[in-house]
Amino acid sequence: MNRREKRKIKKEIEIFSDVAKIIKQYFPDLSKKLNELTDTRHQSYVEYQMSVITITRLLGLLCGIKSMRETTEKLDTEETIKNIGNILGIELEEIPHYDTINNVFEQINIEELRKIQKYMVNRLIRSKMFDKYRFKGRYFQIVIDGTSMMKFKKRHCKHCLKRVHNEGKENEYSIYYHYVLEAKLVVGDMVISLDSEFVENEDEDVEKQDCEIKAFYRMAKRIKKEYPKLPIVITGDALYACEPVIKRCKENKWEYIIRLKKDRLKALRRRNRRIGTVRGKK
Ligand SMILES: [Zn+2]
């Protein structure tokens, strides 16, 4: 083993022991909740509990591993297996094969995962350790942020969003892509995912495609339902500087900060003067 490999292993062990500590202190019921996720696998073949599969994947992501195959390949060391067992408080001999992890995640119930996410966010908020980051000493700052997930030259599924380039010209082409909108709780230098919503079409030939704003409405509705009393200040970029978004924030009794580039600021200030806060980005 060379020095680089040794350093990598050391870093991994540090991540694992941090995760173990955090889970013990803040999320004592996490392992139990992960095991309660609906398991659609044929039960006679089941070798690993849901908690082992989900935590293995999570640790892979924390170590910057992107694919499932790499996850099992890179985490397959005695140290790591012992550490995963430690995190979950069980004896573990092997970690699951990437096919097993893949199959489980393909079938996993998103609504059940959302409940676990809510449990974790609530535990963190109640621990009061984020109170010092509250905006004006009161509001939790939530940033709305979109990320492109996948891009294709050909249609990949019926939910793909489609963008036509050079429309009507000889060199016209389309790209197909998937996009996710995330609501992130900002605490100091850290962000914690509070909710996410896919921007995707219901079907191949929809008249109007889904968009970030529509996804924001769906997500806002859910956040209000899940966190009805949380004092929130929504932060978004210029895309959200439109009346329906601001109206929804007001209905939900959320404050909002919309960041604009300087040149667009004057016109929008005029327009939004009566409806709320608009801040400039220098
Ligand atoms: Zn697709």
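Residues numbered from 1 in each chain as written. Predicted model: local features only at pLDDT ≥ 70, side-chain atom pairs only at ≥ 80, totals over all residues.

## Structural notes on the pairing of strand E5 (residues 232-237)
Counting buried positions over the six residues of E5 gives five, a clear majority of the element. By the bridge criterion, four bridges tie strand E1 (residues 140-152) to E5 in an arrangement that is parallel. Directly across from Val143, in E5, lies its bridge partner Thr235. Relative to strand E6 (residues 255-261), E5 runs parallel, the two sharing five bridges. Within E6, the position partnered with Val233 by the bridge is Glu255. (Buried ≥ 20, exposed ≤ 12 C-beta atoms within 10 Å, placed from the backbone. Helix = DSSP H or I, 4+ residues; strand = E, 2+ residues; numbered from the N terminus. Pairing = 2+ DSSP bridges.)

## A few points about helix H4 (residues 68-75)
Of the residues making up H4, those classed as buried are Met68, Thr71, Thr72 and Leu75. Buried residues of H4, seen end-on, are gathered within an arc of 85 degrees and therefore sit on one face of the element. Elements in contact with the buried residues of H4: helix H3 (50-62), helix H5 (78-88) and helix H6 (98-107). (Arc of directions from axis to C-beta. Contact = placed C-beta atoms within 7 Å.)

## A word on the domain arrangement of the protein chain
We note that the domain assignment places domain 1 (3-108) and domain 2 (111-281) within the protein chain. Taken together, the contacts link seven residues of domain 1 with eight residues of domain 2. Looking at the side of domain 1 that touches domain 2 residue by residue, the class counts come to five nonpolar, one polar and one charged. (Domains from an automatic or database assignment. Nonpolar A, V, L, I, M, F, W, Y, C, P; charged D, E, K, R; others polar.)

## A short note on the nonpolar core
Across soluble globular proteins, nonpolar side chains have a tendency to be buried as a group. By size, the foremost hydrophobic cluster in this structure holds 27 residues, and its most contacted members are Ile142, Phe216, Met219, Ile234 and Tyr256. Of all the secondary-structure elements, those providing two or more residues to this core are E1, strand E3 (173-187), strand E4 (190-199), helix H8 (212-226), E5, helix H9 (243-251) and E6. The element that contributes the greatest number of residues to this core is H8, accounting for five residues. (Core = buried A, V, L, I, M, F, W, Y, C linked by C-beta atoms within 7 Å.)

## Some thoughts on H6
For H6, the complete set of buried residues consists of Thr100, Ile101 and Val104. Taken down its axis, H6 places every buried residue within 100 degrees of arc, on the same side. Counted as exposed and oriented over 90 degrees from the buried face of H6: Asp99 and Glu106. Buried residues along H6 sit against H3 and H4.

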